[in-house]
Structure formats: C-alpha cells, structure tokens
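Coordinate analysis (summary)
The chain contents come next:
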Amino acid sequence: MKSSKTLPAYCSSRHSFPSRSFNLCLMLLAVIGMQTKSLTAQEIDVSHLIEKQQFSCEKIALSATGLIPQYHRDNMPDTLFALMGFWQEHCEGPEPLVRFRILYTIQTNTFSDNWYPDNILTLLDDYRYMVTEYEDQPYYYDYFDQTYFLLDTMFSAFTRNLAMHLQRYSGLEPVEQFFLDFYAHDFTKAMKRLDDGSLEGTRIDSLYRDKKTRFIAARRPYLGIYGGMWRPNSNLAILGNHPQIGIISGVSHNRAVFNFNFMIGFGDTPNYYHVVADNTHFTSKSFLSIHLGFDGGIEIVKTMGSALITTAGLAFEGFEALSLSQQETYGMTRFVGSFNLNVGLEYRFLFSDNSFFG
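Our subject in this report is the structure included herewith. What you see is a predicted model, and the numbers here were worked out from it, not measured in a lab.

With that out of the way, let us pick up the state of the cysteines. Per the stated rule, a full pass over the model turns up 1 disulfide. Note on cysteine connectivity: C57 is disulfide-linked to C91, with sulfurs 2.2 Å apart. Judged by the torsion about the S-S bond (-105 degrees), the C57/C91 disulfide is left-handed. Within this pair, whereas C57 is found in helix α3 (residues 57-73), its partner C91 is found in helix α4 (residues 77-91), the two being separated by 34 residues in sequence. Residue classification places C57 among the buried residues on the basis of a relative accessible area of 18%. Given the relative accessible area of 4%, C91 is considered buried.

Dropping the structure here:
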C-alpha cells in the first residue's frame, strides 16, 4: 500500500485550490509560445533564462500542465515539444509529462514502445492510486523531492478526454490501446491486457512479467493483527464460543510461507463447568485462553493480487479456569492446556509487497 505517501492537508477538499501565481514561470513559458511554428523544437533554447531564474520542478509542473492543453488546442507541436523537452531536462520524467507524451505520440502516430521510462509501471500505479483513492486530485508524487506537487486542476480531465478521443482511432497497436484504456480510467480493462498476454513482445509486457517474477520470488516479512473466533466441539463445547485477538508475524519466500502466531481468547463461558485444582473441586465460568504456535505453508495459487495457501502447524493452547477472585482467595491457578496439531487453508488479498488481508 502506499501509506508512506501523504498528501498536503487540504487535499481532502476540492475547493479553494491555490491560484497559478507563478508569474515568472508563466512569462518564461509564454516566450516559448511566441515562437513561430516554422521553428523546430530544438531551436527553442531557453536554458540561459532557466539558469537565471532557477525555476523549481514544482513551479514548472503547475505552469506546464496549465499551458500544455492550450498549446495542444492551438495545434502548436513545436512549442509542445519544446515545453516537454524543457520539463524532461530539468525534472527527469514526472508522471504527468510521461502521461501526456504517450498520448501525444499516439495521436501523432509517432509512438515508440521503447520510449517510456523503466519505471513506467510505478508511474501508472501512482496515477491509478491518485484517481481511485484521492478522487483524481490535481497532484502527482515526485520521487526526487518525495512529496506531492500540485498540477493545474484541469490537466487530468484534459488527458482523460484526450485518451477517450484517441480510442476511436483505427489501426491502434495493442500497447497503444493499453495506454489509452488506462488513461481513460478503464484500469480493469487495461490490466487485463497485461495479464492475458495480449501485449506479449512489447517492452511493457517484459517489465510487467519481470515485476511479477520478482514479486513472487521476493522474501517478504510481515507483522499483523488477527481476529477470529474459538469454536470448540465435542466435550469442550460446554465452554462455548469465544472471540480471539492476537498478532501474527511471518515471512514468505518464493511460494513458501512461515508464520508465528499468538492469540488470546476471552469472555465467560455460557455454562458452569467443573475443574480440579490441587485436589480441590471448583465450579467456574471463567475463561481466558492463549494460543502460541508456528505453521508453514505453500502458495498453491499465486497472482499479483491474491494467494491461496495450504498450511500445517504445531501450537500449544489452553485456558485459565479460575477467576482472579478465586486465584486471590485460594492462592492457586489452574491452567488447562494441550498441544495442537492443525492444518488449514488461507486465502490472501495482496495489497502491496508486504501487506495483505487473509
């Protein structure tokens, strides 16, 4: 999960966004737009101005995402490429830039399967996460500054509409259809193309298969909480059902899974039961159980989002039969326990490399 990334505080509201007041940056980028269309992108050189003004990637992102839709609408390709080149040169390959460039090269029939960066899957995950978890807020995560940068509020709608428009084109390659589906917010359809092998032979398919292999083979420790119900049968049924809480800690490697678990069960029994402690007969409804165990298993089915695991384990479990008042009065305890051999079946929903719900 991406819990390590935190949006700015006001990201929870879609009102009162800050205005684009970076005048110097806008003026600089406006100079680009004033060039004639006869110039090529390489001839538009603003490097001396950039060094003088020391523009930040945060300012560039906000201004560029406001200007790109305008230049695209006015059909100014040289200026667009100059703007993208300027952004790429000074800020590497931020997600919004990669997103627009992919869409623009598909539109202009210049798309190359070898162009997009090696971290394209991470950028795609970031974009989907922002759309689905944060209601498409106008931000992107910058990995160099390790924070979220603000975009023009209309940029995401612009790229989504552009992707939906381009989906009508005929003769699209499967990899182009994948990106158009994804940027049109049809994430399920796009990822199905990756999973079913329809992009075989493309670079993004290779990156995806390599990621899956590393994901399956990686050794991933985890620590989590457990909640469940202790439900005895046969002679123990007199004790009734009891809720259990606890912790689990483990590691998975390749397809092997190893767990340590500690659980506590609590709540009085529904019926009185009899117990002998130090040759004395007691009647009690008290119940406080512990379970301490280890188990191992094999992932018999594993995908990027789920795993089915068979397990076998050894544990010691039991319960304290005397209440606290009885222990204080008689100065004794009575713990009833036994070893536990168990087998199980677990299904896990995998959210990231080290988080899951099982």
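Moving on: the packing of aromatic side chains. When we look at a pair of aromatic rings, we describe it by the centre distance and by the angle of the planes. Counting across every chain of the model gives 27 aromatic pairs. For the ring pair Y141 and Y148, a centre distance of 5.2 Å and an interplane angle of 70 degrees mean the geometry is edge-to-face. Ring pairing ties together the aromatic residues F111, Y116, Y127, F178, F179, F182, Y183 and F187, which thus form one cluster. When the ring centre of Y272 is taken as reference, the NZ or CZ atom of K285 above it lies at 5.2 Å. The ring of F356 has R348 sitting right over it, with the charged end atom 4.0 Å from the ring centre.

Cut-offs applied
- Residues numbered from 1 in each chain as written.
- Predicted model: local features only at pLDDT ≥ 70, side-chain atom pairs only at ≥ 80, totals over all residues.
- Heavy atoms only, no water.
- Disulfide = S-S within 2.5 Å.
- Helix = DSSP H or I, 4+ residues; strand = E, 2+ residues; numbered from the N terminus.
- Buried < 20%, exposed > 50% of the residue type's maximum accessible area, 1.4 Å probe, protein only.
- Phe/Tyr/Trp six-rings, centres within 6.5 Å; stacked < 30°, edge-to-face > 60°.
- Lys NZ or Arg CZ within 6 Å of the ring centre and 35° of its normal.

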